[in-house]
Amino acid sequence: MSNSDTAGKQSGGKKPALETLAIHAGSEIDPTTGAVVPPIHLSTTFQRNVDGTFPQNYVYTRADNPNRRALETCLAALEGGAACAAFSSGSAAAAALFRSLSPGDTVLVCDDLYHGVHHILVDILEPWGLNVVFADMTDLDATRAAWVDGVRLVWLETPTNPLVKVSDIAAIAEMAHAKGAKLAVDGTWTTPAVQRPLELGADFVMHATTKYLGGHSDVLGGALIAKESGTKEDGTKESGTKEDGTEEAGEMFAKVRYIQQIEGAVPSPFDCFLVLRGIRTLPYRMRAHSDNALALAQFLEAHPQVHRVHYPGLESHAGHHIAQKQMAHFGGMLSVQIRGGADAAIAVTNRVKLFSRATSLGGVESLIEHRRSIEGDISTTPADLLRISVGLEHPDDLIADLQQALG
Ligand SMILES: *Cc1c(COP(=O)(O)O)cnc(C)c1O
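Criteria and thresholds
Residues numbered from 1 in each chain as written. Predicted model: local features only at pLDDT ≥ 70, side-chain atom pairs only at ≥ 80, totals over all residues. Heavy atoms only, no water. Helix = DSSP H or I, 4+ residues; strand = E, 2+ residues; numbered from the N terminus. Expected span 1.5 Å × (residues − 1). Buried < 20%, exposed > 50% of the residue type's maximum accessible area, 1.4 Å probe, protein only. Contact = heavy atoms within 4.5 Å. Pairing = 2+ DSSP bridges. Polar contact = N/O pair within 3.5 Å; in protein donor to acceptor, adjacent residues only side chain to side chain.

**Q** Which residues make up helix α10 (residues 282-301), and what values go with them?
**A** Taking 1.5 Å per residue, 20 residues should reach 28 Å; α10 reaches 28 Å between its end C-alpha atoms and fits that length. Along α10, the residues classified as buried are Leu282, Pro283, Arg285, Met286, His289, Ser290, Asn292, Ala293, Leu296, Ala297, Phe299 and Leu300. Of the surrounding secondary structure, the elements contacted by the buried residues of α10 are α2 (18-24), α9 (269-279), β8 (306-310), β9 (333-338), β12 (385-389) and α14 (395-406).

In structure tokens, the structure reads:
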């Protein structure tokens with residue numbers, strides 16, 4: 001099992017470990033005041049020097065500002081990427097990547113995924129001209145069989161929302177590259193403390209920073225991290241064809257950056273500050289979320305009212321061995337199917353005292369949700385399924401609450 005704790009050592013001891021990067025990447029002592037915690041820069045505009053240049057290259061806050069740059073620097077470092085573009089939501093980050101493609105291009109998408117991304121693809125981008133093809137990416141043969149000419153991007157969630165299905169990132173990256181496509185992974189459920197897709201061969205990682213990265217259910221945001229930035233250190237465009245196709249990935253990211261700066265679906269300076277503050281404790285939180293989730297999954301699996309538990313940390317999970325290979329921990333999300341159908345499942349959510357009946361995930365408080373109720377018409381989620389975002393309360397208290405709610 002790879003382990004975030006050894007990330008620094010794996011690269012010869014030169015790169016700091018994730019815990020250290022989470023605290024220091026993108027952080028510097030404020031040069032004007034000595035403030036250890038960065039100030040929030042609300043100014044929308046920045047003065048030119050007399051020679052016409054801009055100090056630190058800040059011009060106008062839609063294009064860039066100090067808080068956003070700090071967040072982007074930190075996220076790129078945590079994922080081992082060349083660059084990051086922060087957005088006002090995870091959905092905006094995903095949409096920007098899809099629109100770095102051209103009408104007529106095809107995206108191959110995993111068949112169980114966040115319903116909002118499904119809506120973006122089918123309701124907004126198919127009419128715009130994108131072709132969308134779905135495949136069960138837990139099955140490599142099925143993925144190969146679903147392939148069509150013109151696939152430029154593969155979109156993968158693992159574990160998936162809400163069925164917690166696990167796919168082999170390295171194998172799908174290899175397949176995509178062999179067929180001339182790029183791979184993007186929705187890393188929202190895992191974060192770089194659990195799984196690092198770029199190191200497994202992916203070209204892009206998307207995050208809803210709304211979830212674990214912010215970590216406290218109080219800020220909406222998104223980010224897209226790229227292995228290749230498409231620009232050199234001095235800001236000029238990379239040129240020259242690279243045989244491995246990385247130039248194309250760089251061009252896609254350059255387009256994402258352009259969409260971010262020109263359209264302005266960007267997080268406010270305060271939002272960036274909050275997400276970065278959340279990230280400082282991310283590796284410790286993810287370990288605790290994962291430990292608590294495993295304890296809950298084991299409790300639920302043994303409960304007579306429970307029909308099925310979906311959690312990659314359980315040996316009974318179909319993707320357990322792949323999860324062991326590519327995840328440092330098993331994450332804080334699980335789904336459970338309750339005996340007695342939708343009514344019995346909803347009744348459980350109505351009896352919990354510690355869990356909140358709410359959507360979303362990744363905060364310190366535990367949430368429980370009848371998933372089909374929120375997904376609406378397109379939902380194929382089993383009607384007896386509850387999705388649980390396991391928080392950081394003591395696991396004994398969480399188990400006791402579920403015990404009484406299950407009756
Ligand atoms: C929440 C979520 C998103 C969308 O993020 P928003 O910030 O709500 O736009 C995308 N993917 C996954 C897996 C999510 O959980």
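**Q** Could you give an account of the pairing of strand β7 (residues 222-226), with specific residues and numbers?
**A** The element β7 is extensively covered by neighbouring structure, given that five of its five residues are classed as buried. Side-chain alternation along β7 places Gly222, Leu224 and Ala226 on one buried face and Ala223 and Ile225 on a second face that is also buried. As paired elements, strand β1 (residues 83-87) and β7 share five bridges and run antiparallel to each other. By the bridge assignment, alanine 85 is partnered in β7 with leucine 224. Where strand β6 (residues 204-208) and β7 come together, five bridges link them in antiparallel fashion. Considered in β7, the bridge of phenylalanine 204 is made with alanine 226.

**Q** Describe the side chain of serine 389, and please don't skip the residues or the numbers.
**A** Tracing the backbone shows serine 389 in strand β12. The buried category is assigned to serine 389, whose relative accessible area is 2%. A polar contact is formed between the side chain of serine 389 and the backbone nitrogen of glycine 362, at a distance of 3.1 Å. Among all residues touching serine 389, those that are not within four sequence positions of it are Gly332, Met333, Ser360, Leu361, Gly362, Glu365, Ser366 and Leu367.

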